[in-house]
Every structure is written in C-alpha cells, then in structure tokens.
Amino acid sequence: MAVVEVTGAHKSYHRRGKPPQKALDGLDLSVGAHRVHGFLGPNGSGKTTTIRALLGLVRVDSGSMRLLDRPVPEDLPDVIGSVGALVESPLFFPNFSGRRNLRLLAGVAGVSRDRVEECLEIVGLRDRGEDKFKGYSLGMKQRLGIAAALLKEPTLLVLDEPSNGLDPAGIREVRELIKQLGSDGQTTVLLSSHLLSEVQQVCDDVTIIARGKLVATGAVADVLATGSTGDVRVMVPGHQQAAYDVLMAAGFTLTALADAWLVHGVTEPSTITRALAAHDLYLSELSPISADLESVFLDLTAEEV
Amino acid sequence: MTAPPRHAVAEPETRNGSLFRTEIARLRARRFIQLLVGLALIGFVVLSIVAFTQFSEPTPDVLADAQARLEQDIALSEQFREQCLADESIPEEEREFACGPPLDEQGFVVENYIDKRPFTLTDDLPAGSLGVAAATAMLGFVIGATYVGAEWSTRSIVALLFWETRRLKVIGVKTGVAVLAGAALGVVGQLLWLGASHVLVRTRGSTTAVPDGFWSDFSGQAGRGVLLAVVGTLFGFGLANLVRNTGAALGVGFAYFAIVESALRGFVPKSQPFLVSESAGALVEDGGLSLFVEGPTVDQGTGSFTEFTEMIVSNVRGGLTLAAYLLVLLAAGTWLFRRRDLH
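Computed from a prediction, not measured in an experiment: that's the story for all the values here. (Residues numbered from 1 in each chain as written. Chains lettered and ligands numbered in written order. Predicted model: local features only at pLDDT ≥ 70, side-chain atom pairs only at ≥ 80, totals over all residues. Heavy atoms only, no water.)

## Here we look at the overall build of chain A
Then, number 1: Regarding its fold elements, chain A presents 11 helices and 14 strands.
Then, number 2: Each of the three principal axes of chain A carries a C-alpha extent, and together these read 75 × 50 × 40 Å.
Then, number 3: Sequence-distant contacts, at least 24 apart, represent 66% of the contacts inside chain A between residues at least 6 apart.
Then, number 4: Within the structure as shown, chain A displays about 13300 Å² of accessible surface, and the carbon and sulfur contribution to it stands at 49%. (Helix = DSSP H or I, 4+ residues; strand = E, 2+ residues; numbered from the N terminus. Contact = heavy atoms within 4.5 Å. Areas by Shrake-Rupley, 256 points an atom, 1.4 Å probe, with all protein chains shown as cover.)

Dropping the structure here:
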C-alpha cells in the first residue's frame, strides 16, 4: 500500500495582472509504507505545494491524492490524526514557551501532557521547555517543530527541510532520528530537502521533481545507478605505462590522472583486473567512480530548470 | 535527540481533544490580551476614584444654602416677568410672547445649586452603564482583532490546520470563543459598574427612591450593553480575519470611525441611522436613539432655515443594522478562509 499517492496533480497560481504560474504540472508521487522517502527538487519545483496540497492547505486544480489509502482532501479529517507535519519554518506563538505551544496543540487532539514531555525529551528541549519560543535559536525552533510533528505518534511524518538552521551536531541528530523512525516498522517519513547528501544518507527511496513534474523516482541506489559514469580509477604502482598499453589494447579509453588512470566505459570492473593480470600486472587500486545524488540530480533536472 | 519511544496511546480516532477548550486557553494565555484587560481594570479603578471626587452627599448647611439660592432665582425670575408684562413700550399683544410663559417651579432643581451633587441611581447608573457598554465594545474590538490577527501573523492558524483540518469548524470555534470573550467582558464591566455604583450611592448618593420599573429598564439596558460588547468583539475579530492582520484591522476601524463616519454625517446626513456608532447607541440606549435628520432648506420670505426631523432609531433597528453588517463581515471572512490557499 502506498502511504502517499499523488496522480496527475496540476496546480496553477493566479496573480492579478500576471500570467498563471504552474506549480504542479501533472505530478505523480508514490511513497511506500515504512520507508524514508526523499523528495528532491530545485527551488520552485513544487515540493512545498505538493506537501501543502496533501495537508489540505492548498487545493489542486486537477488530479487525485491519497493519504494512508484515503482520498484527500475529502477524508483528511479522518487521517490527519495519523499524520505529523513540519512544513517549512515552525509556526508557533513567539511569546509562549515551547512547552505551552506544544500543550496547546496537544489539547486539540487530546494528546496527553506526558507525550508533550516525551517529545520535548526526544528533541532535547525538555530543559528549555519553559523558555519563550522567540528566545529559541533557529535550531531549537526547528527541533520544537519536529517535536510538534511527533506529538501524535504519526504513522506518516512529513518533514519539509527539517535540518534548516541546525548546527552540524543537530543535523546529525535529526538524521539519526529520521533513520530510527523509518526503521521502526511503523512510521513512514516523507522528507523534503534541498540537501542532496541528506537524502542520500537517510532515505530509502527518492523522488526528484522539476517544474512540477516527476523526473525520477525509485530506490536511492537505483536512481543513483541511472547516473552511473562507468568510470574506474586504476593504479598499478611502477607499471603505469605498461598498464596503459594493456588496457588500450583491450579496447578501453583512458584519461591520465596525477598518479593513476581513469578508465572510461567500464561495465564490469573485473575485466580490467583480468586483462592486467594476464600480463603479470597487479593493481593497488581499482575504484569505480560512483555518481552521487548531486550529480544525478543536476543531470536529471538540467533540462527542466 | 533520543530515540522516540512508542507505547500505548489512544488511537487518533479515540482521542478526545477539545478545540474549544484549547482556543479558550490560547485566548487567556495571550500576553497582550492580559495587558489590555489589566489596563482596562486599572482605568476602571481610576475612573471610579475620580467619580468619588465628583459626587458628594450634601450636608444640611449646603442644602439650605442651595435652597436659598434656588428661591432667590425664582423670585428674581417672577419679578422680571412682572416688570416685563407691565412694560408699556412693548405692544400689548406681543407681551405674553416677549415675556415668556409663567414660571414652572419644577424646572428648578435644588441639586443644580450644589457644586458637588449626590450620585443618583436614576440618572447616573444608566449613564455610567452606557459608558461601560461603549468602553467594553471598544476593548472587545481590540481583543477580537488581536486574538485572530496574531494567529495570522504567526501563521499558527496554519499549524492548527495540521491538527483540525475542517476549516469551518476551526473558524466556527474561534468565532464562538470571540463571542464568549465579548460577553464575559460586557458582563464583568456591567457588574463592576453596578458594584461601584452601589458604593457611590451609599457613600456619595441621594437616598431618593427609584421609580417603579427602574430596575427592569436598567437590566434591559445593561443586557443590551453586554450585547454591544459582543458585537464590538466580533467586529474586531471579523475585520482582522478578513485582512489577516491585527494592525490593519485596527487601522481600518480607526479610519472608519474617525473619517468615514464623520464624513457621512457631514455630507450624507440621511445615512446616520445606518452608521455603526449610531446603531450601537440605538441598540443600547433605553428607548432607542433620537436623531435629528437634516431636511430641506425653506425660505418663506423671512430668511431661509433648514428643517430638522426627529427620528427615533429603536433598539431593535439598531441591533438589526449591526447584525447585518456583522453577518456580511463574518461571512466574507469565513468564505475566504474556506476557499483560500494557505501558505
């Protein structure tokens, strides 16, 4: 069962005196259960609009959306109790303490005060719970937003840029938390982030969008594979020239690096090992150059942006 | 951060939250609202102290002195009229008109000859109640505006929709809380004034008995005063919800009362019965509001003059006019809140 399902969603914003601006252009999105799903796209690609539409804040012009196997926005009141969300910056009363802000939200859904304390503990704010929200650092505000999203013990957690404003230690903690939630077998996390490394480190699956359209989706490893370079770094100490001759004779294309060769178009790296060993040349390094999500993302969205 | 514990909690379907209770808590916890109410209470205490200095129970000597001056004035007036009627320089047929009617001694009230008159229930209690109604309506306007305006400024109303997605329910509950806040303001204001009046009448008041029906008339007026406080709160709430900002709502309110109403009274006098201020007065004042509406300018050869027509705007009409404006304001805000994309 897909926890989030968006099919053919269109949304345009109309501004007086200006042409309509397309935010979603037939977007499809499917998020599997109990996974951490990254949601990537350049600024203005429609990520936040999609999340807002799923949470009933924005109406799509056409297309269908389902949350927890229920159509939304029609059945949103029935499923919202299982959805926790942090969308962009946390929205709290600045003059209320963190604890009071959480208690007010908890009161709406009948969440206990114990749970408020638990969530403050989870995000490391229990000792600062009585401080006013406006006195919090950006990172503390973000943590409180995460705490609010966790209050309902959601089965779907929607996090929009959760690492914003966090220091490196905080970013690592948030990532650990997301990983733990994703691996507890009960929670699905939809993580919208502009930090490609974050998605690569934390997510099981990823969807990349640009200009309101789906560009790529699947397991992170599979999406990375689509951008694989096929380049392999080869080092044969003391016999670099001999290795070059052997590999050229075997039909490879090479580029010289400072202390190694970069072999291009390699589908199976073991063919390099076999070719060199046949001439009594032995490797000290054979490193496939794998694509990172950043390069894949830039490749995939280059035409769209 | 620590690992999130998972244990048995109520399922979302069985959680028994209360948006209403939460909204009441939000309202009560707002620092600015607490400050406004605190300032209003201080203002009430100060005005009560001032009132104590303005009224005084007259001593027998003061009363005797006032009575003597009253009788002196009556004698002087009668003397003047007799001299006037005897004045032959005035044509006889014009003397009655020129010298005025015979003296009505009931028009001379001894309290008018006392520097600090006593506090009287019949005159001062209803007058004060009107003032309290106006003050609580204005205070309610600001509280209603800041209550929902702050939600828009901090966008916490959007965060609330992550918990309760039915927008009509959210705005309905908030409107209900605004009504309750306005009613509480009005009731507390009227009760405080009643208490202060009780003290004033015991220490600085006239012991004259109140006429029959006074308390029922006063209760009606005080009740309508509470209603005006509710109306004021809802106007502030509705306006701030429409423009999504406390400051803008207060600005619009100020511009309307200071500029628009003044201009309409000056340039379109017939609009007076439809103005918010006049309707508010008509709603609360016992018997409605008496307005003098400017009529046509007449010239019968002795110079032009403008005819004025007295018009009574009843309690019901004043209330219905305000209700119509409120309905439009709240309906427009609710419709936009339901339809708008929220960012």
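## Let's talk about the packing of helix H8 (residues 214–243) of chain B against helix H9 (residues 246–267) of chain B
All names here are of chain B.
Then, number 1: Across the interface, H8 lies against H9 with an axial gap of 8 Å and an inter-helix angle of 120 degrees. As far as their axial angle goes, H9 and H8 are oblique. Helix-helix and strand crossings are classified by hand; for H8 and H9 the assignment is right-handed. Residue-level inspection shows Leu239, Ala240 and Val243 of H8 in contact with H9, the latter providing Ala248, Ala249, Val252 and Gly253.
Then, number 2: Partitioning the contact of H8 with H9 into residue classes produces 6 nonpolar, 1 polar and no charged. (Axes fitted to C-alpha atoms, helices over the stretch in contact; angles between N-to-C directions. Parallel < 35°, antiparallel > 145°, perpendicular 65-115°, else oblique. Left-handed = near helix turned anticlockwise from the far one by under 90°. Nonpolar A, V, L, I, M, F, W, Y, C, P; charged D, E, K, R; others polar.)

## Brief notes about the domain arrangement of chain B
Then, number 1: One can read the domain layout of chain B as domain 1 (27–57 + 118–339) and domain 2 (63–113).
Then, number 2: Between the C-alpha centres of domain 1 of chain B and domain 2 of chain B the distance comes to 43 Å. (Domains from an automatic or database assignment.)

## Focus on the nonpolar core
Then, number 1: In this structure, A:Val4, A:Leu67, A:Leu102 and A:Leu151 are the most contacted members of the largest nonpolar core, which totals 124 residues.
Then, number 2: Ranked by residues supplied to this core, first place goes to helix H5 (residues 121–154) of chain B with 9 residues.
Then, number 3: Setting aside chain neighbours within four positions, we find A:Leu67 in contact with A:Val3, A:Val4, A:Leu54, A:Val72, A:Leu76, A:Val79, A:Val83 and A:Leu156.
Then, number 4: A:Leu247, A:Phe252, A:Leu254 and A:Leu276 belong to the second largest nonpolar core, which has 15 residues in total. (Core = buried A, V, L, I, M, F, W, Y, C linked by side-chain atoms within 4.5 Å. Buried < 20%, exposed > 50% of the residue type's maximum accessible area, 1.4 Å probe, protein only.)

## Side note on the sheet that holds strand S4 (residues 62–67) of chain A
Residues and elements named next belong to chain A.
Then, number 1: Taken in spatial order, the 4 strands of this open sheet run S2-S1-S4-S5, and their pairing is antiparallel. Either end of the sheet is taken by a strand with one partner, and the two such strands are strand S2 (21–32) and strand S5 (70–72). Direction aside, neighbouring strands of the sheet carry axes that sit 25 degrees apart on average. (Pairing = 2+ DSSP bridges.)

## Some words on the environment of A:Glu130
Residue and element names in this part refer to chain A.
Then, number 1: Mapped onto the fold, Glu130 is located in the loop between helix H4 (113–122) and helix H5 (138–150).
Then, number 2: Judged by its relative accessible area of 54%, Glu130 falls in the exposed class.
Then, number 3: The spatial distance from the C-alpha of Glu130 to the C-alpha of Phe96 is 8.6 Å, given a sequence separation of 34 residues.
Then, number 4: Residue contacts for Glu130: discarding those within four places in its chain leaves Ser97 and Arg99.
Then, number 5: Here the side chain of Glu130 touches Arg99 through a polar contact of 2.9 Å, side chain to side chain. (Polar contact = N/O pair within 3.5 Å; in protein donor to acceptor, adjacent residues only side chain to side chain.)

## Details of the pattern of salt bridges
Residues and elements named next belong to chain A.
Then, number 1: Using the criterion set out here, one finds 30 salt bridges over all chains in the structure.
Then, number 2: In this structure, Glu198 and Arg175 form a salt bridge, with 3.3 Å as the shortest nitrogen-oxygen distance. Note that Glu198 is positioned in helix H7 (residues 196–202) and Arg175 in helix H6 (residues 168–182), a separation of 23 residues in sequence. We note that Glu198, like Arg175, is buried.
Then, number 3: Across the pair Arg233 and Asp259 runs a salt bridge, and its minimum N-O distance is 3.4 Å. Taken together, the residues Arg233 in strand S11 (residues 231–235) and Asp259 in the loop between strand S12 (253–256) and strand S13 (261–264) connect sequence positions 26 residues apart. (Salt bridge = Lys/Arg side-chain N within 4 Å of Asp/Glu carboxyl O.)

## Brief notes about the packing of helix H3 (residues 60–86) of chain B against helix H4 (residues 92–99) of chain B
Residue and element names in this part refer to chain B.
Then, number 1: Running from N to C, H3 and H4 cross one another at 160 degrees; their axes reach a closest spacing of 9 Å. Comparing their axes, H4 and H3 come out roughly antiparallel. Considering how the two elements wind past one another, H3 and H4 form a crossing that is right-handed. Of the residues in H4, those touching H3 at Arg81, Cys84 and Leu85 are Arg95, Glu96, Ala98 and Cys99.
Then, number 2: When its residues are assigned to classes, the contact of H3 with H4 shows 4 nonpolar, no polar and 3 charged.

## Some thoughts on the interface of chain B and chain A
Then, number 1: Counting from both sides, the interface comprises 42 residues of chain B and, opposite them, 51 residues of chain A.
Then, number 2: A salt bridge links A:Lys11 to B:Asp341; the shortest N-O distance between them is 2.6 Å.
Then, number 3: For the pair chain B and chain A, the interface holds 10 residue pairs in polar contact (both at pLDDT 80 or more).
Then, number 4: If you list the elements that add at least two residues to the side of chain B that touches chain A, you get helix H1 (19–29), H5, helix H6 (156–161) and helix H11 (315–339) of chain B.
Then, number 5: Split into classes, the residues belonging to the side of chain B that touches chain A amount to 17 nonpolar, 10 polar and 15 charged.

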